[in-house]
Amino acid sequence: MSTNASKQDKNLDSLILRLVVIFTALSCIALFLPALQGQSYYFDDFRDYHLPLRYFYAKCLSSDQLFVWCPNIFNGYYLHADGQVGMYHPLHLFLYRCFQFTTAFNIEFCLNYIFAFAGTFFFLKRWGFTLSPALFGAFTFSFCGFNLLHLMHINAVAVISHIPWILLSIDLIMREKAARSAYWTALTALTASQLLHGHPQSVYLSLMTEFFYITLLMTCRGKIELPGETLARHRIDSWAPINGRSLALNPAGGTQRLGLVIAAKITGCLIGAVQLLPTADGLMNSTRKNYTLSTAASAEFAGSGSLSPINIVQLWSPYLFQDRQVGFTTHEFSIYNGIIGIFAILWICANWRSLGQLKRLAGGAIVLGVVGMLLSLGENTALHKILISVPYLNVFRMPVRHIVLYHFASAILIAIFLTDLHRATERGQTKNDGHFRLLACIPGISALTALAATVMIVTDYRLSSQTISPSLLAIWYGPLISSLIFVCIALSVKGKRLYFAILVLLALIDQSCYAITYLHNKSVIDYQSILEYDVSKRKNEYPLYSRINELIVYDLKLVFGYAGLYPERRVSRTSLARLRGLARASLLTETRVPSDYDVELEAIDINQVALVDTQLDLPAGPSGIVTILSDRPGHIKLLTDCRSRQLLVLNERYHEGWRAITDSGSTEVIRVFGEYLGCVVDNGAREIILKFDPQSLRLGKIVSCTGIAIWALLVCSIELRLGRTRKAVIEPI
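Residues numbered from 1 in each chain as written. Predicted model: local features only at pLDDT ≥ 70, side-chain atom pairs only at ≥ 80, totals over all residues. Heavy atoms only, no water.

(A) Structural detail: the overall build of the protein chain. Counting secondary structure elements, the protein chain contains 27 helices and 18 strands. Evaluated residue by residue, the protein chain yields a buried proportion of 57% over its 733 residues. Total accessible area computed for the protein chain in this model is approximately 29700 Å², and 60% of it derives from carbon and sulfur atoms. (Helix = DSSP H or I, 4+ residues; strand = E, 2+ residues; numbered from the N terminus. Buried < 20%, exposed > 50% of the residue type's maximum accessible area, 1.4 Å probe, protein only. Areas by Shrake-Rupley, 256 points an atom, 1.4 Å probe, with all protein chains shown as cover.)

This is how it looks when you write it as structure tokens:
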């Protein structure tokens, strides 16, 4: 290659690198714009769940109150068990205690995407990709359809952002020769962090990815050749592979390395028990517990949110449908991740022999992507029935979320595709290889799809008004972008390198616009301003609504609410509305054991007669007086004065984790009216403390502390066995 040609190639590579960096920065600015302006997104689960409940969490932290129990929804709710606030995650404890609320929330939100980007970049660098394709792959996954359209599921995205880091840690444990204690520690910490974020379904998706990656590594024999650089060095001026290097994977020691991975995962689970055990408690006290049994109802629940096969069309026609998808929510059923992903899959299949040792990674990514796509179809495939037969996996709905496996695999395949295409560009092939006919199928299929949709609109086909977009530009976007990318690929392979840069630019624009057009009309708000909202007109109505957690910022106590694990209740919605007339705290002397709570509640005066599970022997007489001394979340202090033993009733939802402490010792907590909290108090003036102290949380803290101790012991053991810090050995081929 001449000096002039080499200089031109270096300038082109530099241009491509700049394009990736610029579009990454622009995407971050577009996504983080509300945060940069001191505002927050305010729609869907941001409004209904995460913002108000994190506000409650931050308020409790600032006033040193118990945050695991929220008295403002469901008449009281084990909020920590629901998990989605991530209350014991060290990052959350730090952010919401040390920063103003909006700032803390925005930092948490932004870190998810930064963390995913960095992890994917270093994971791809580990496999030898040079700087530009590694950055492009990181961009593809960080701003993929799942991560961006699910931005309101902030904890789910947080868990998913750990996946590339976990795979990187596993890779280092399995393939490096030294310093494994640091990698083992990283894998342990990342596993614990995922659990502490509190979205079990996303943790399960991560485990599936880890399983496939470990299987990939364990099936390798001898040495895995890296086509490019190692993790330690970055090369900016070329996408082409440099001197081949390999990291040894000793088949005889593979089982031992796998043991280290398993030990790290188990230790991470032990550390995360402070969240894991309360979540199990919440599940067993929720409406979902019935789905843990293999029943028709559980199969129907687990199948809800299955991707309709017609949505596969989105992969080459992203704007074909009126709301981007066929289904009830855009963020769940929109599966597009850039049309370049389809080109990458077909290119890799057509040029399999030229991939060298990247065949292993490409093959693993293809398998992961296919499995993710099939599982996202849910009840539309037989594979779903096998999946939900696994214990407790039938408590997860929305099988379509498996699409994140396809999106992660797609990011890897795109990095491989661009690297191999760049090599073909440098060779400057002039013949029309057979793979062009395969790639031409994409714009062809996309054009046929757009033509069929256009005919449906023109002929006023009855389904068109419900599913097909009325905009011809939206319908024909797929054929247009796929045709342009196909032309750029064809010209790049013929040695016209500028078209390779145009290809990268088109791919970046394609994926960026898909996300930006989704976010551009979403509501944002300065969350502090909602405190000025006048709720006086709704105070008599609020308990009848179900998705109004936002009202808890006004310290309103809701009969209903919105959560992931809805608490199981013994009384109907109508009876719950009737129980609104119960005083905050009262003393009653008459009790009944009902055969049917709803029937009995219609026949009694709830301020005179209490319904309990076991008959209480209480003497008749006038009711005593109750004074509330302190009423804080999970900690209520009262003073009672009565002439005989009476039943203290508090309109706080019953949970077996409540404890009643009197000046004479602990007393049994009783379920009253099938919903509320009560305990028997003796005559005279008595001070009673009702404290929420569930066994699942106590045990979780003990197990977590034990896990930390085990982690420390194992780190010391590994260090003693392997020696102090040693430099990783990389053997040249």
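(B) Just unusual backbone geometry, in detail. Positive phi values are uncommon outside glycine, yet D64 reaches one of about 55°. With respect to the helices and strands, D64 occurs in the loop between α2 (44-62) and β2 (69-70). Given the relative accessible area of 60%, D64 is considered exposed. One non-glycine residue, F673, lies in positive phi territory at about 60°. When you line up the elements, F673 lands in the loop between β15 (669-672) and β16 (676-681).

(C) Just the packing of helix α5 (residues 101-126) against helix α9 (residues 163-175), in detail. Closest axis-to-axis distance for the α5/α9 pair is 8 Å, and the angle between their directions is 30°. Considering the angle they form, α5 stands roughly parallel to α9. When you trace α5 past α9, the crossing you get is left-handed. Mapping the contact onto sequence places F115, A116, A118, G119, T120, F122, F123 and R126 in α5 and P164, W165, L167, L168, D171, L172 and R175 in α9. Per-class residue counts for the contact of α5 with α9 are 10 nonpolar, two polar and three charged. (Axes fitted to C-alpha atoms, helices over the stretch in contact; angles between N-to-C directions. Parallel < 35°, antiparallel > 145°, perpendicular 65-115°, else oblique. Left-handed = near helix turned anticlockwise from the far one by under 90°. Contact = heavy atoms within 4.5 Å. Nonpolar A, V, L, I, M, F, W, Y, C, P; charged D, E, K, R; others polar.)

(D) Seen up close, the environment of I636. When you line up the elements, I636 lands in strand β11 (residues 635-642). In this structure I636 comes out as buried when scored by relative accessible area, which is 1%. As a C-alpha pair, I636 and I689 span 53 residues in sequence and 5.7 Å in three-dimensional space.

(E) Local environment of the packing of aromatic side chains. Here the structure, examined in full by the defined rule, presents 40 aromatic pairs. Ring centres of Y78 and F692 lie 5.0 Å apart, and the angle between their planes is 75°; this geometry places the pair in the edge-to-face category. Within this pair, whereas Y78 is found in strand β3 (residues 77-78), its partner F692 is found in strand β17 (residues 684-692), the two being separated by 614 residues in sequence. The two residues Y78 and F692 agree in class, both being buried. When the centroid spacing of 6.1 Å and the interplanar angle of 40° are considered together, the rings of F123 and F408 count as tilted. With F123 in helix α5 and F408 in helix α19 (residues 403-427), this residue pair connects regions lying 285 residues apart in the sequence. On the basis of relative accessible area, F123 is assigned to the buried category, the value being 1%. It is K522 that lies over the ring of F43; its NZ or CZ is 5.1 Å from the centre. (Phe/Tyr/Trp six-rings, centres within 6.5 Å; stacked < 30°, edge-to-face > 60°. Lys NZ or Arg CZ within 6 Å of the ring centre and 35° of its normal.)

(F) Inspection of the sheet that holds β17 at higher detail. Strand order in the open sheet formed by five strands is β10-β11-β17-β13-β14, and the pairing between neighbours is antiparallel. Because the sheet does not close on itself, it has two edges, and the strands there are β10 (625-632) and β14 (665-667). Averaged over all neighbouring strand pairs, the angle between strand axes comes to 25°, with direction disregarded. Taken together, the eight bridges between β11 and β17 define a ladder with antiparallel strand orientation. For K637, the partnering residue across the bridge sits in β17 and is I689. (Pairing = 2+ DSSP bridges.)

(G) How the structure looks around a nonpolar patch on the surface. On the surface, a nonpolar cluster with roughly 470 Å² of combined accessible area is contributed by I22, L26, I29, L33 and L36. Here L36 is to be found in helix α1 (residues 3-36). Judged by relative accessible area, L36 falls into the exposed class, the value being 62%. (Patch = residues over 30% accessible without salt bridge, like charges linked within 9 Å, V, L, I, M, F, W, Y side chains within 5 Å. Salt bridge = Lys/Arg side-chain N within 4 Å of Asp/Glu carboxyl O.)

(H) The arrangement of the packing of α9 against helix α11 (residues 200-218) in detail. Contact pair α9 / α11: the axes reach a minimum separation of 10 Å and the direction vectors enclose 25°. With respect to their mutual orientation, α9 and α11 come out roughly parallel. As for the relative orientation of α9 and α11, their crossing is right-handed in sense. In contact with I163, I166, L167, I170, D171, M174 and R175 of α9, α11 contributes S206, T209, E210, Y213, I214, L217 and M218.

(I) Spatial organisation of the nonpolar core. Formed by 201 residues in total, the largest nonpolar core has its most connected members in L31, F109, L151 and I489. Here this core takes 16 residues from α19, the largest share from any one element. Setting aside anything within four residues of it in sequence, one finds I489 in contact with F343, W347, F417, L421, F436, L439 and L503. The next biggest cluster of nonpolar side chains, apart from the first, holds 24 residues, and it includes V559, V571, L576 and V609. (Core = buried A, V, L, I, M, F, W, Y, C linked by side-chain atoms within 4.5 Å.)

(J) Representation of the sheet that holds β16 in the model. Taken together, the four strands give an open sheet; going across it, the order is β7-β12-β16-β15, and neighbouring strands pair in antiparallel fashion. Of all the strands in the sheet, the pair left with one neighbour each is β7 (585-588) and β15. Across the sheet, the mean angle from the axis of one strand to that of its neighbour is 35°, orientation sign disregarded.

(K) The confidence of the model for the protein chain, seen in detail. Taken residue by residue, the protein chain gives an average pLDDT of 85. The fraction at 70 or more is 87%. Strand β18 (residues 731-732) is the least confidently modelled element of the protein chain, averaging 37 in pLDDT, while β2 averages 96, the highest of any element. Ignoring residues within four places in sequence, the model shows residues 222-252, a span with pLDDT below 50, making 92 contacts including any to other chains. (pLDDT = per-residue confidence, 0-100.)

(L) Focus on the side chain of H50. Tracing the backbone shows H50 in helix α2. On the basis of relative accessibility, which here comes to 0%, the residue H50 falls in the buried class. Within the local environment of H50, its side chain forms a polar contact with the backbone oxygen of M152, the two atoms lying 3.4 Å apart. (Polar contact = N/O pair within 3.5 Å; in protein donor to acceptor, adjacent residues only side chain to side chain.)

(M) A look at the pattern of salt bridges. Considering all chains together, one arrives at 20 salt bridges under this definition. The partner of R126 in a salt bridge is D171, and the shortest N-O contact between them spans 2.6 Å. In this pair, R126 sits in helix α5 while D171 sits in helix α9, placing the two residues 45 residues apart along the sequence. Of the two residues, R126 and D171, neither departs from the other in class, the shared state being buried. Where K289 meets E568, a salt bridge forms, and the shortest distance between an N and an O atom there is 3.1 Å. Here K289 is found in the loop between α13 (273-284) and α14 (296-303), whereas its partner E568 is found in the loop between β6 (524-525) and α25 (573-578), with 279 residues between them in sequence. With a relative accessible area of 28%, K289 lands in the partly exposed category. Residue classification places E568 among the partly exposed residues on the basis of a relative accessible area of 35%. Taken together, the shared-partner salt bridges in this structure form one network comprising R126, D171 and R175.

(N) Broad picture of helix α23 (residues 477-493). For α23, which comprises 17 residues, the first-to-last C-alpha distance of 25 Å matches the rise-based estimate of 24 Å (1.5 Å per residue) to within 8%. Along α23, 13 of the 17 residues are buried, which leaves the element largely enclosed by surrounding structure. Positive phi shows up at G495, right after α23, with a value of about 100°. (Expected span 1.5 Å × (residues − 1).)

(O) Broad picture of the pairing of β16. The buried fraction of β16 is high, at six of six residues. Of the two faces of β16, the one holding Y676, G678 and V680 and the one holding L677, C679 and V681 are both buried throughout. Across six bridges, strand β12 (residues 646-653) lies against β16 in antiparallel orientation. Within the sheet, the bridge partner assigned to Q646 lies in β16 and is V681. Sheet topology note: the β15/β16 ladder contains four bridges and is antiparallel. By the bridge assignment for β16, I670 is matched with G678.

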